[in-house]
Amino acid sequence: MARFWRLRGAKFGAYAFVGFFLIGAYAPFIASETAMVWHDQNGWRFPLLIDLFNAWTYAKPHDLLFNLVALLMPPLLLMGWLLRRRWAYGRRLSIGVSIVVAAWILAQIPLPNHGRTGEWRALWDKRQLGQSTFSDWRAAEAVTPGRVSAWFPLIPHRHDATYAGAVLNAPGSINRDTGRRFVLGTDSAGHDVAARMLFGARVSLTIGLVATGLSLLIGVMIGAASGYLGGKIDLVLQRLVEIMMCFPTFILILTVVAMTSRDIFIIMLVIGLTGWADIARLVRGEFLGHAQADYVAAAQSLGVPRWRIMFRHILPNVLTPLIITATFGIAGAVFSESALSFIGLGDPNAATWGGLLEQGRQNIRYAWLIYVPGLAVFALITVLNLIGNGLREALDPKADF
Amino acid sequence: MSDTTTQPLLHFDNLQVSFRLRDRTVAAVKGLSFAINPGEVVALVGESGSGKSVSAMSALRLLQEPPACYPGGKLLWYGRDAGGEDILHMDARRLRQLRGGEIGMIFQEPMTALNPTWTCGAQVAEALELHTDLNATARRARVIELFQQVGIPQPANRIDQYPHELSGGMRQRVCISMALACAPQLLIADEPTTALDVTIQAQIIALLRALQRDRGMAVLFITHDLGVVAEIADRVVLMRHGEKVEEGPVAEIFANPQHAYTKGLLACRPRLGVRRDRLPTVDDFMAGNA
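Residues numbered from 1 in each chain as written. Chains lettered and ligands numbered in written order. Predicted model: local features only at pLDDT ≥ 70, side-chain atom pairs only at ≥ 80, totals over all residues.

**Let's talk about the overall build of chain B**
On a plain count of helices and strands, chain B comes out with 11 helices and 10 strands. For 290 residues, the compact-globule formula gives about 19 Å, and the C-alpha radius of gyration of chain B, at 20 Å, lands near that figure. The principal-axis extent of the C-alpha atoms belonging to chain B is close to 65 × 45 × 45 Å. Here chain B holds 290 residues, and 43% of them are scored as buried. In chain B, of all internal contacts separated by at least 6 residues, the share reaching a separation of at least 24 is 65%. (Helix = DSSP H or I, 4+ residues; strand = E, 2+ residues; numbered from the N terminus. Rg over C-alpha atoms; globule rule 2.2 N^0.38 Å. Buried ≥ 20, exposed ≤ 12 C-beta atoms within 10 Å, placed from the backbone. Contact = placed C-beta atoms within 7 Å.)

This is the structure:
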């Protein structure tokens, strides 16, 4: 992998991808109406932390997952860094996870109540937040100036809130309710585009990973069975793959989405279920070659069962081309979802980049609705392709000659 | 060592192996009969394409079926059942017990017979995992012990190394420890020294001989190297064109070959102190013009 890091594009791509991921994970800390820190006569409160696991605020499961990752990442990374000298990677990870789990269990133990609720207890009890939003703060400020101090995220707007008086506002215009600016304007429903872009990164990354993961799972199963078992199984599975390849994938996705639901998870599923044919082909070819290898015969002569030879002996030898294909697959899935949303078949309830693009298509005069999400889709796909190319170059055994 | 009163361990009874190709069927082994007795070293000797490797592979049913098929004969295994089980009619489950558990196999090419993505220790431990009840810690201890037995220095370090970090001779030792991990009654060695250089060859043969004596296991040794045969074998089976040509104790075969082919094969070896322009080939002998 040293070779990967020497490639300038690949290095840039890897850092940029981490950037996209961090933006996605920490979106609520950048764009939210809820205060991160709130101090009044009752003491200190951290409403945003409580709000992270509030299913009312974050209705989609992938949001809760990203929030969990955002919360767990700093302690886990710190743990890994502190223990870096003493223990192997796997053990560090398991220690970190078990400490977090232990903390969670401890937080479940009821503590004696000294007149006011402990903040950490409240975090898990999902108690009502009380006063914590930007408008709460402005109201308190109007009555008793200086009594309440609060620290808000950079963009004090929610990604799923519609600001009634602010439909299709240009970038930089002011929200009359709060007095803060819409940095990237608003869309036709009155959403803050900047907040929606941040949360859209979560959707795009989830789609890429889930859809590609599903394709990989199916593709590897079918390709492995086809290449290793051979015979009639191969014959039948290869016809199946050919049938899949005959369909224009995007039209197939369109049809299925039009017939079923427009939920974002259905869309992920459909993209995943239609994208496995190429992977199955690739895996079959690799397995065909490795099935004749001496180490496979040696494993057979030890009485290793067939499924174990396929997935524990041959699969690790085939991972390199799979990883490369998966990287490009993620880019393809992100693009497919954007394209679906763009033609109006995306999830209307999810904050997606494609959804913003579609509004830009309908309201062609409002350029920020095209440039902002368009550039984001372009950037993410470029970054993924840079990583894929870098991996391909770095892992190519013939690159030295 | 061959004792006619004892029961054989593995009996090749008129074994026939063919390969069904698209338009024709090729007979690779045309009725091979011989027996391997417990604790005996049998060398299966023959030129390339004589069917010796195919016979050995079929003893573990390692040939891919199809194209391979067994039109006739039996392969009787007496390792567990005194009545003998026909390996050619074993079900997959019993076959997996047989492979590795009762019959071990070493391959020709130690460079490719180990999985490059697994550590050496893990590959040996897998055999133990499949055939014994040992837990992970006990398996590790057993692998270290096995590595010691096959003469791998610093076994506790080698166990976590990958095959590419070891030399050819060391890798063949790992392969041997893999085949021997579950104390099989029969070891099939398919040209285990062909890919190694001469000094390592001698070491590996000495090792196999020592292990065979210590454990009292039978060995089916496949080779085309008559020098190796003389060193290790008790009995020799000679094959040509898929048929057995001659069979007998090793001393007798070398001293008093009966068949023209055997005589030819023995005469083909270069001799110390005898200078000849061209060594005779087997075909010369078979044609009777040498």
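**As for the packing of helix α11 (residues 249–259) of chain A against helix α12 (residues 264–274) of chain A**
Residue and element names in this part refer to chain A. Relative orientation of the contacting elements α11 and α12 amounts to 145°, with a least axis distance of 10 Å. The handedness of the crossing between α11 and α12 comes out as right-handed. Residue-level inspection shows T249, L252, I253, V256 and V257 of α11 in contact with α12, the latter providing I267, V270, I271 and T274. Residue composition of the contact of α11 with α12, grouped by class: seven nonpolar, two polar and no charged. (Axes fitted to C-alpha atoms, helices over the stretch in contact; angles between N-to-C directions. Left-handed = near helix turned anticlockwise from the far one by under 90°. Nonpolar A, V, L, I, M, F, W, Y, C, P; charged D, E, K, R; others polar.)

**Section: the sheet that holds strand β3 (residues 149–151) of chain A**
Residues and elements named next belong to chain A. As summarised here, the arrangement of the three strands in space is β2-β1-β3, forming an open sheet in which the pairing is antiparallel. Both outer strands of the open sheet, β2 (43–45) and β3, are each paired with one neighbouring strand and no more. Direction aside, neighbouring strands of the sheet carry axes that sit 10° apart on average. Pairing analysis gives three bridges linking strand β1 (residues 37–40) to β3, with the strands arranged antiparallel. Looking at β3, one finds that H39 is bridged to S149. (Pairing = 2+ DSSP bridges.)

**Observations regarding the interface of chain A and chain B**
Between chain A and chain B, the contact holds 14 residues from the first and 22 residues from the second. When contributions to the side of chain A that touches chain B are tallied by element, the ones reaching two or more residues are α14 (294–301) and α15 (306–342) of chain A. By residue number, the principal contributor to the side of chain A that touches chain B is α14(A), which donates six residues. The class makeup of the residues in the side of chain A that touches chain B is eight nonpolar, five polar and one charged.

**A closer look at the confidence of the model for chain A**
Residues and elements named next belong to chain A. Residues of chain A with pLDDT of at least 70 account for 90%, and the chain-wide mean is 82. Looking at the elements of chain A, mean pLDDT is at its lowest for helix α7 (residues 119–125), recorded as 50, and at its highest for helix α9 (residues 193–229), recorded as 92. Every residue in residues 111–116 scores below 50 in pLDDT, and together they form three contacts with partners more than four places removed in sequence or on other chains. (pLDDT = per-residue confidence, 0-100.)

**What to know about the sheet that holds strand β8 (residues 218–223) of chain B**
Residue and element names in this part refer to chain B. Judged by pairing direction, the sheet is mixed, and its six strands sit side by side in the order β6-β7-β8-β3-β9-β10 without closing on themselves. Whereas interior strands pair on both sides, the edge strands pair on one side only; in this sheet they are β6 (103–106) and β10 (243–249). Averaged over all pairs of adjacent strands, the angle between strand axes in this sheet comes to 15°, irrespective of strand direction. Looking at chain direction, strand β3 (residues 41–46) and strand β9 (residues 235–240) are connected through five bridges and run parallel. Opposite L44, over in β9, you have V237 as the bridge partner. On the sheet, helix α6 (residues 168–180) packs against β6 and β7 (186–190) and is oriented at approximately 170° with respect to β6.

**Some details on the pairing of β3(B)**
Residues and elements named next belong to chain B. Among the six residues in β3, six count as buried, and that is most of the element. Both faces of β3 are covered, namely the face carrying V41, A43 and V45 and the face carrying V42, L44 and G46. Relative to β8, β3 runs parallel, the two sharing five bridges. By the bridge assignment for β8, V42 is matched with L220.

**Thoughts on α6(B)**
Within an α-helix, residues lying three or four positions from one another point in the same direction, as the helix has 3.6 residues per turn. For α6(B), with 13 residues, the first-to-last C-alpha span of 18 Å sits near the 18 Å given by 1.5 Å per residue. Most of α6(B) sits inside the fold, with 12 of its 13 residues counted as buried. If you check which residues of α6(B) are buried, you get B:G169, B:M170, B:R171, B:Q172, B:R173, B:V174, B:C175, B:I176, B:S177, B:M178, B:A179 and B:L180. The inward-facing, buried residues of α6(B) contact α14 of chain A together with β6, α3 (120–131), α4 (136–149), β7 and α7 (198–215) of chain B. (Expected span 1.5 Å × (residues − 1).)

**Let's talk about the pairing of β6(B)**
It is a general feature of regular strands that their side chains alternate between the two faces of the sheet. All names here are of chain B. Along β6, one buried face is formed by I103 and M105 and the opposite face, lined by G104 and I106, is buried too. Of the strand pairs in this sheet, β6 and β7 are connected by four bridges, and their pairing is parallel. Paired with M105 across the strands is I188, a residue of β7.

**Some details on the confidence of the model for chain B**
All names here are of chain B. Across chain B, the average pLDDT comes to 82, with 93% of residues at 70 or higher. Averaged pLDDT values over the elements of chain B bottom out at 68 in helix α11 (residues 282–287) and peak at 89 in β6. Predicted as a complex, the structure gets a pTM of 0.79 and an ipTM equal to 0.83.

**Re the environment of B:A267**
Within the secondary structure, B:A267 is located in helix α10 (residues 260–267). Each C-alpha atom, one on B:A267 and one on B:T281, is 8.3 Å from the other, the two residues being 14 residues apart in sequence.

**Considering the packing of helix α13 (residues 276–291) of chain A against α15(A)**
Residues and elements named next belong to chain A. Where α13 meets α15, the closest approach of the two axes is 10 Å, and the angle between their N-to-C directions is 145°. The chirality of how α13 crosses α15 is right-handed. Across from I279, L282, V283, E286, F287 and H290 in α13, the residues of α15 making contact are I314, N317, V318, P321 and T325. For the contact of α13 with α15, the per-class residue count stands at seven nonpolar, three polar and one charged.

**Digging into helix α2 (residues 92–101) of chain B**
Looking only at α2(B), the buried set comprises B:L98, B:R99, B:G100 and B:G101. For α2(B), the secondary structure elements touched by its buried residues are α14 of chain A together with β4 (68–77), β6 and α3 of chain B.

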